[in-house]
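# Summary of the model geometry
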Amino acid sequence: MEIKNELVPTMHPYIPHLLNDITAAHRTEKPCQEREKSFAEILEEITRMKEDRTYTFGYFCGLRKEDLPPSDQLLKKEMKLVSSAFKKMMRSWNLSCWLPKGLPADLVYDLLIWTLERKINPLESGMVQFSYCSMDPANCLLGLHCTCLKRKASEDGGSFIEIKF
């Protein structure tokens, strides 16, 4: 009996190479020893981080969006594997991303890959967190998974405070 190739789930042949590239994209330089900083130094670092963003995350880590296959060419388990490796690599650059639980694997994968095009200024200490919710469900990248759809307006008429980088 012959087994048809399309019935046997196999890994995309590019995945092992991609995982090696992501591993190679980890930050290798050791950030300086963290020391107690004054409030003025913290404000100065935040200002520098916001104003001096000339290069994309891809520039620093050496990956380009074009280096990764589109999500529609990968299996769900492949996207999860790549996304997990990508998040670990981001942490080596003092970056993280906030994504609500329960997002489809293809959306998580696409949003993570999109970070390669975001302009950043890597920090020596601390952590920068990417958020994909625009606080406007009609225009949010999370679409139907936007957390704003589940939040109720506060009774006192307060609003969200958002800092965009």
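Residues numbered from 1 in each chain as written. Predicted model: local features only at pLDDT ≥ 70, side-chain atom pairs only at ≥ 80, totals over all residues. Heavy atoms only, no water.

## Structural notes on helix α5 (residues 105-114)
Where burial is concerned, most of α5 is hidden: 7 out of the 10 residues are buried. Of all the positions in α5, only A105, L107, V108, Y109, L111, L112 and I113 are classed as buried. Buried residues along α5 sit in contact with α4 (76-92) and β2 (95-98). (Buried < 20%, exposed > 50% of the residue type's maximum accessible area, 1.4 Å probe, protein only. Helix = DSSP H or I, 4+ residues; strand = E, 2+ residues; numbered from the N terminus. Contact = heavy atoms within 4.5 Å.)

## Concerning the confidence of the model for the protein chain
Considering every residue of the protein chain, the mean pLDDT works out to 78; 76% of them sit at 70 or more. By mean pLDDT, the top-scoring element of the protein chain is α4 (95), and the lowest-scoring one is helix α2 (residues 39-51) (72). Note on residues 1-8: pLDDT is under 50 here. Beyond four places in sequence and across chains, it has 1 contact. Within the model, pLDDT remains below 50 along residues 152-165, and this stretch shows 11 contacts once partners closer than five positions in the same chain are excluded. (pLDDT = per-residue confidence, 0-100.)

## Overview of the pairing of strand β4 (residues 128-131)
Because side chains alternate across β4, one face comprises the buried residues V128 and F130, and the other comprises Q129 and S131, none of which is buried. Pairing analysis gives 4 bridges linking β2 to β4, with the strands arranged parallel. Within β4, the residue paired with S96 across the bridge is Q129. (Pairing = 2+ DSSP bridges.)

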